[in-house]
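# Fold and geometry: a report
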Amino acid sequence: MKVNEKLDALRGFMKERNFSAYIIPTDDFHGSEYVGEYFKAREFMSGFTGSAGVLVVLLESAALWTDGRYFIQAAEQLKDSPVTLMRSGQPGVPTVAEYLQEHLEEKSVIGFDGRTVTDRFVQTIAKKTDAKYIAFDGSEDLVDLVWTERPPISTEPVWEVDVKYIGQSREEKLKCVREKMRDEKADVLLLTALDEIAWLTNLRGNDVQYTPVFMAYMLLTLDKAQLFIHEQILSDEIRHKLTQAGITTAPYDGIEQAVRDIADGSRVWSDSGNVNYRLQHSIPEKTEVIDKHSPIELMKAVKTKQETDCIRTAHVKDGVAVTRFMHWLKTNVDQEKITEMSAAAKLETFRAHEEGYLGPSFESIIAYGAHGAIVHYEPTEQTDVEIVSGGLCLADTGGHYREGTTDVTRTFAIGKVSEEEKKYYTLVLRGHLALGAARFPKGVCGQNLDVLARCPLWEAGVDYNHGTGHGVGFILNVHEGPQRFHWRISEQTQCVPLEEGMVISNEPGIYLEGRFGIRHENLVLCRKQEETEYGQFMYLEPLTMVPFDRDAIVPELMSDRELKWLNDYHRKVYETLSPYFAGEELAWLREVTAELN
């Protein structure tokens, strides 16, 4: 079926139910960033394949909202469809709520699958459309009626992370979470985020591509813990260990009834910005709801000493693989045919050689030339191009290892590149180095530091349309909150102080549509430095160990201080990686990390 045929079929079901609008988000039942094949309803209905977006279908029109990472990709994928692209956050572009308020008649009904939108999202629309007495119906998944060959919900087996990598048993974690519950005087904690449940149970799975989590919910009280899960994915050994930790299991789809059965008078901790609409509305009216972020969000963001030690090991392995890829790419272009997809496959072979490698942490982005300007470009058989001398190649990739999760971006000069490309390469690098060298007092948030990465670009009158950094999980989501580097602040923005043990990315960029894109990304670890009369100071330790491409750097555009930062980093890269290289590769590594003046 073509997109217009799918939309027409959906509208037929909408008319039967008297729906004037139907909302199709990207989410699964748990608000995950990346979702399993079953949950790709928005992609199925619109043809847009990005990881973020909301499709709104009216009886006569349809529109799709996505963020700046996907403007170019969405415009290309939607150009021949009846779906209008809405570039979120741009001047003159309404929000979903504003669009519905403008286009719907009084007393209209908005439909959606209440398991795939959060209660807070619906509240936002309700507040905006209040004057029109709009009704909401989250009882049915209409896409399921259109998608006749829909894949099943994944039920892959779970596996356990050894406590030696983590430093905390599930019993210890349960105790800490319950202490937070007591602080809030909460009787019940409703957990729906898959990474939070995986973190709490020290289990991982394979139900979501690139994210080692499993489909589950949890209800936690001060003396009981119930895990709602497809029970066939648990081995007898893991089930026994859960029982020993005081965690009982129940069928995955039993969560709604369990929530309805919460005792009247209970104080229920449930985050309306994460818990889905249907579950939130299953909480009995005679309870008191504590609507705030789950305590686990911050707890898992602050890594233990065992985790940070392991993460450093993972980045050494990843550094070896990505640096070998850099050497292979730059020495073999024009010697053999290399395309974006074959390059991605080659990098995967380098990572697979490393002990403990589990798989990619997201879809590899190998973007040559103009494709580099598409922030989250993913090469396909239709878009795959050959990489040849004369341009930039952006490689944003990552991996999961037994010791942790990586995410690294390097932009490579393939043969001779233009002076303009070199200039922007160097400007982005200056911002990256400035942020990486930040020293700041405890209590500073990512919003306070974002300007350091953007200043060289702002001074040139340019910018990039995405955040500068995101948190990274431990064998979990490669994009993890709550810490971020970004400057846009809204009502929903959390200003979270950076704490020792937080891992966060540093990835400024520049994207000139139709020409080229540049991004430099390291993961960094927030650490304590000295304590002075002005308080505890913090710094950012680089975790990623991969050279920057000297062939695209203009040293004359850099200050002595910036050159020192770069040379110090390259010295550390060489010291870290050189034991793993020999012969011609080692000589090359010595050359590409040599001091620049």
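Since the model is a prediction, treat every value here as computed from it, not as a measurement.

## Topic: the overall build of the protein
Scanning the protein from terminus to terminus reveals 19 helices and 28 strands. Radius of gyration (C-alpha) of the protein: 25 Å, near the 25 Å computed for a compact globule of 597 residues. Viewed in the frame of its principal axes, the protein has a C-alpha envelope of about 70 × 55 × 50 Å. With 597 residues in all, the protein has 57% of them scored as buried. Excluding contacts between residues fewer than 6 apart, the proportion of contacts in the protein whose partners are at least 24 apart in sequence is 69%. Accessible surface, the protein: about 24,800 Å² in total, of which carbon and sulfur atoms supply 48%. Side chains of the protein carry 65 positive and 94 negative charges; the gap between the two charge centres is 3 Å.

## Remarks on the sheet that holds strand E1 (residues 21–24)
Spatially, the 6 strands line up as an open sheet ordered E4-E3-E2-E1-E5-E6, and their pairing is mixed. A strand with exactly one partner marks an edge of an open sheet, and here the two such strands are strand E4 (83–87) and strand E6 (135–137). The mean inter-strand angle of the sheet, taken between neighbouring strand axes irrespective of direction, is 20 degrees. Strand contacts of helix H1 (residues 3–16): E1, strand E2 (54–58), strand E3 (62–66) and E4, with the helix running at about 60 degrees to E2, the strand carrying the most contacts. Strands in contact with helix H4 (residues 96–103) are E1, E2, E3, E4 and strand E5 (109–112); relative to E2, the strand with the most contacts, it is inclined by about 5 degrees.

## Things to note about a nonpolar patch on the surface
Together, Val451, Leu452, Trp458 and Trp487 make up a nonpolar patch on the protein surface, roughly 330 Å² of accessible area in all. Along the chain, Trp458 turns up in helix H17 (residues 446–459).

## Here we look at the packing of aromatic side chains
Summed over the entire model, instances satisfying the criterion amount to 15 aromatic pairs. Between Phe44 and Trp147 the ring centres are 4.6 Å apart and the planes differ by 10 degrees, which places this aromatic pair in the stacked class. Residue Phe44 is located in helix H2 (residues 41–46), and its partner Trp147 is located in the loop between helix H6 (143–146) and strand E7 (159–160); the two are separated by 103 residues in the primary sequence. Just as Phe44 is buried, Trp147 falls in that class too. Residues Phe48 and Tyr70 carry aromatic rings whose centres are separated by 5.8 Å and whose planes lie at 80 degrees to one another, so their mutual orientation is edge-to-face. Taken together, the residues Phe48 in the loop between H2 and E2 and Tyr70 in the loop between E3 and helix H3 (71–78) connect sequence positions 22 residues apart. For the pair shown, Phe48 and Tyr70 are each scored as buried. Just above the ring of Tyr38 sits the side chain of Arg150; from NZ or CZ to the centre is 3.9 Å. Lying over the aromatic face of Phe581, Arg324 brings its terminal NZ or CZ to 4.6 Å of the ring centre.

## Some details on the layout of surface pockets
The computed volume of the second largest pocket comes to approximately 830 Å³. Contributing to the lining of the second largest pocket are 31 residues, with Thr49, Gly50, Gln73, Gln77 and Glu378 lying nearest its centre. The dominant element in the lining of the second largest pocket, judged by the number of residues it contributes, is H3, at 4 residues. A per-class count over the lining of the second largest pocket returns 11 nonpolar, 12 polar and 8 charged.

## Focus on empty space enclosed by the protein
Counted according to the given criterion, the structure contains 2 cavities of 30 Å³ or more. Here the largest cavity defines a volume of roughly 110 Å³. Around the largest cavity sit 14 residues that line it, and Ile24, Ala41, Asp113, Thr116 and Asp141 are the ones nearest its centre. Per-element tally for the lining of the largest cavity: the top contributor is E1, with 3 residues. Considered class by class, the residues forming the lining of the largest cavity number 9 nonpolar, 1 polar and 4 charged. Here the second largest cavity is characterised by a volume of approximately 50 Å³. For the second largest cavity, the lining is made up of 13 residues, of which Leu190, Leu191, Glu196, Asp271 and Ser294 are closest to its centre. At 3 residues, the largest contribution of residues to the lining of the second largest cavity is made by strand E8 (residues 188–191). For the lining of the second largest cavity, the per-class residue count stands at 6 nonpolar, 4 polar and 3 charged.

## Some points on the packing of helix H16 (residues 419–436) against H17
For the pair H16 and H17, interaxial distance at closest approach is 8 Å and the crossing angle is 160 degrees. Viewed along their axes, H16 and H17 adopt a mutual orientation that is roughly antiparallel. Crossing hand, H16 versus H17: right-handed. Along the contact surface, H16 presents Leu427, Val428, Arg430, Gly431, Ala434 and Leu435, while H17 presents Leu449, Leu452, Ala453, Pro456, Leu457 and Glu459. When grouped by side-chain class, the residues that make up the contact of H16 with H17 number 9 nonpolar, 1 polar and 2 charged.

## Here we look at the environment of Asp67
Along the polypeptide, Asp67 turns up in the loop between E3 and H3. The exposure class of Asp67 is partly exposed, given its relative accessible area of 25%. Taking the C-alpha atoms as reference points, Asp67 and Leu279, 212 residues apart in sequence, are found 27 Å from one another. With near-sequence residues (within four places) excluded, Asp67 lies in contact with Ala52 and Ser88.

About the criteria used
- Counting from 1, residues in each chain are numbered in the order their sequence is written.
- A pLDDT threshold of at least 70 governs which residues receive local features in this predicted model, and a stricter bar of 80 or more applies before side-chain atom pairs are shown or counted, although totals over entire chains, interfaces and linings include all residues.
- The side-chain figures draw on all heavy atoms in the structure; neither hydrogens nor water molecules are used.
- Secondary structure elements follow DSSP: runs of H or I of four or more residues count as helices, runs of E of two or more count as strands, with numbering from the N terminus.
- Taken over C-alpha atoms, the radius of gyration is set against a globule rule of 2.2 Å times the number of residues to the power 0.38.
- Burial classes: relative accessible area under 20% of the type maximum marks a residue as buried, over 50% as exposed, and values in between as partly exposed (1.4 Å probe, protein chains only).
- In this description, contact between two residues means that some pair of their heavy atoms is separated by no more than 4.5 Å.
- Values of accessible area rely on a 1.4 Å probe in the Shrake-Rupley scheme; residue burial ignores everything except the protein chains shown.
- Positive charges come from Lys and Arg alone, negative charges from Asp and Glu alone, with His and the N- and C-terminal ends not counted.
- The atom standing in for a charge is NZ when the residue is Lys, CZ when it is Arg, CG when it is Asp and CD when it is Glu.
- Only strands that DSSP links by at least two bridges are regarded as paired with each other.
- Axis lines are fitted through C-alpha atoms, for helices just across the contact stretch, and the angle between N-to-C directions can take any value from 0 to 180 degrees.
- Only residues above 30% relative accessible area that lack a salt bridge enter a patch, with like-charged residues linked at up to 9 Å and the nonpolar side chains Val, Leu, Ile, Met, Phe, Trp and Tyr linked at up to 5 Å.
- Here a salt bridge means any side-chain nitrogen of Lys or Arg lying within 4 Å of a carboxyl oxygen belonging to Asp or Glu.
- A pair of Phe, Tyr and Trp rings is counted when the ring centres sit within 6.5 Å of each other, with Trp represented by its six-membered ring. The angle between the planes then sorts it: under 30 degrees is stacked, over 60 is edge-to-face, the rest tilted.
- Two thresholds decide whether a charge sits over a ring: the Lys NZ or Arg CZ must be within 6 Å of the ring centre and within 35 degrees of the ring normal.
- A pocket, in this scheme, is an open set of points on a 1 Å grid over the protein atoms alone with protein on both sides within 12 Å along at least 5 of 7 lines, while a cavity is a set where a 1.4 Å probe fits but cannot get out; residues line either one if an atom lies within 4 Å of a point.
- Grid points are joined across faces, edges and corners, and a volume is the space filled by probe spheres set on the points.
- Polarity classes work like this: nonpolar for Ala, Val, Leu, Ile, Met, Phe, Trp, Tyr, Cys and Pro, charged for Asp, Glu, Lys and Arg, and polar for all others, with Gly in that last group.
- What sets the label is the angle itself: under 35 degrees gives roughly parallel, over 145 gives roughly antiparallel, 65 to 115 gives roughly perpendicular, and the rest give oblique.
- Rotating anticlockwise by less than a right angle from the far helix to the near helix defines a left-handed crossing, while the corresponding clockwise rotation defines a right-handed one.

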